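# Descriptive analysis of the structure
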Amino acid sequence: MSLKLPPVVVVFIFGLFMYVLARFLPFGIFDFFGRTMLLKGLLVVMLLVLAASTYKFFKAKTTVDPKNLEKTNTLVTTGIYKFTRNPMYLAMLLLLIAWGLFLSNAFNMLLAAAFVSYMNAYQILPEEKMLTQKFGKEYTSYTKKVRRWF
């Protein structure tokens, strides 16, 4: 699999686009009661999802590096992976949504949706192809039981 950009870099780029959009777009600004609490709640959930997902990978002694999927030696399907196939990417999405709430521009949610689209096309689909080749029916069965995001 040839990964063009690491997911962390992709999140940073989308976050930068969100900042530029919020800074220079003269409309779309919003605020609502509880926005700060929602933002903080999303950050807490993001940290929990990220911690739970990386813990399961380290416990299984498999790689978390999406650039070296060949080193994957275990298919992790327990814990948070019973609910989402991509909790690390879900954590990244939650971070972008929280960032969008912090920036208070409604159009940033379109960029968060674009992040999902980008990750599906350029990160998740190639990963799924490789995992299908590596784990065969076990992975195919897993994909039928568990959704990609949530």
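These numbers were taken from a predicted model, which means no experiment stands behind them. (Residues numbered from 1 in each chain as written. Predicted model: local features only at pLDDT ≥ 70, side-chain atom pairs only at ≥ 80, totals over all residues. Heavy atoms only, no water.)

## A short note on the environment of Ile-80
Basically, it comes down to this: In this text, helices come from DSSP runs of H or I with a minimum length of four residues, and strands from runs of E with a minimum of two, each type numbered from the N-terminal end. Contact definition: two residues touch when any of their heavy atoms are within 4.5 Å.
Turning to its location among the elements, Ile-80 is positioned in the loop between helix H2 (35-59) and helix H3 (87-103). As a C-alpha pair, Ile-80 and Ala-52 span 28 residues in sequence and 6.5 Å in three-dimensional space. Setting aside anything within four residues of it in sequence, one finds Ile-80 in contact with Val-49, Ala-52, Ser-53 and Pro-87.

## Side note on the packing of H3 against helix H4 (residues 108-135)
The cut-off we apply is this: For helices, the axis comes from a line fit to the C-alpha atoms of the stretch in contact; other axes are also lines fit to C-alpha atoms, and the angle between any two N-to-C directions lies between 0 and 180 degrees. An angle below 35 degrees is treated as roughly parallel, one above 145 as roughly antiparallel, one from 65 to 115 as roughly perpendicular, and anything else as oblique. Helix crossings get a hand from a simple test, with the near helix turned counterclockwise from the far one by less than a right angle marking a left-handed crossing and a clockwise turn marking a right-handed one. Ten residue types, Ala, Val, Leu, Ile, Met, Phe, Trp, Tyr, Cys and Pro, are classed as nonpolar, four, Asp, Glu, Lys and Arg, as charged, and the remainder, Gly among them, as polar.
Relative orientation of the contacting elements H3 and H4 amounts to 165°, with a least axis distance of 9 Å. As far as their axial angle goes, H4 and H3 are roughly antiparallel. Relative to H4, the crossing made by H3 is right-handed. Counting all contacts with H3, which are made through Tyr-89, Met-92, Leu-93, Leu-96, Ile-97, Gly-100, Leu-101 and Leu-103, the residues of H4 involved are Asn-108, Met-109, Ala-112, Phe-115, Val-116, Met-119, Gln-123, Ile-124 and Glu-127. Of the residues in the contact of H3 with H4, the class split is 13 nonpolar, three polar and one charged.

## Some details on unusual backbone geometry
Trans is the common state for peptide bonds, and a negative phi is the common state for residues other than glycine. Applicable threshold: Buried residues are those whose accessible area, probed at 1.4 Å on protein chains only, stays under 20% of the maximum for their type, while exposed residues exceed 50% and partly exposed ones sit between those limits.
One non-glycine residue, Lys-61, lies in the positive phi region at around 55°. Owing to a relative accessible area of 68%, Lys-61 belongs among the exposed residues under this scheme. With phi around 60°, Ser-104 is a residue other than glycine that occupies positive phi space. Topologically, Ser-104 is positioned in the loop between H3 and H4. The exposure class assigned to Ser-104 is buried, which follows from its relative accessible area of 9%.

## Re the nonpolar core
Condition: As used in this record, nonpolar core signifies buried Ala, Val, Leu, Ile, Met, Phe, Trp, Tyr and Cys residues forming a set joined through side-chain atoms within 4.5 Å.
Judged by nonpolar contacts, the single largest core of 39 residues is most densely connected at Tyr-81, Leu-93, Phe-115, Met-119 and Trp-149. Only helix H1 (7-24), H2, H3, H4 and helix H5 (137-145) provide two or more residues apiece to this core. Looking at this core element by element, the count peaks at eleven residues for H3. Setting aside anything within four residues of it in sequence, one finds Trp-149 in contact with Thr-84, Tyr-89, Leu-90, Leu-93, Phe-115, Val-116, Met-119, Asn-120 and Ile-124.

## A short note on the packing of aromatic side chains
What counts here: Working definition: a ring pair exists when centres of Phe, Tyr or Trp rings (six-membered ring for Trp) sit within 6.5 Å. Plane angles under 30 degrees give stacked, over 60 give edge-to-face, the rest tilted. Sitting over a ring, as applied to charges here, requires NZ of Lys or CZ of Arg to be within 6 Å of the ring centre and within 35 degrees of the ring normal.
Counting across every chain of the model gives ten aromatic pairs. Centroid distance Phe-14 to Phe-115: 5.7 Å. Interplanar angle 80°. Geometry classified as edge-to-face. Of the two residues, Phe-14 sits in helix H1 while Phe-115 sits in helix H4, which places them 101 residues apart along the sequence. Taken as a pair, Phe-14 and Phe-115 share a single burial class, namely buried. The cationic tip of Arg-23 hangs over the ring face of Phe-24; the distance from NZ or CZ to the ring centre is 5.5 Å.

## Some remarks on the packing of H4 against H5
For any two helices packed against each other, the geometry is given by the interaxial angle and the distance between the axes. Close contact between H4 and H5 brings their axes to 6 Å; oriented N to C, the two are set at 130°. In terms of orientation, H4 lies oblique with respect to H5. Note on element contacts: H5 touches H4 through Lys-137, Glu-138, Tyr-139 and Thr-140, opposite Glu-128, Leu-131, Thr-132 and Phe-135. Grouping the constituent residues of the contact of H4 with H5 by class yields three nonpolar, two polar and three charged.

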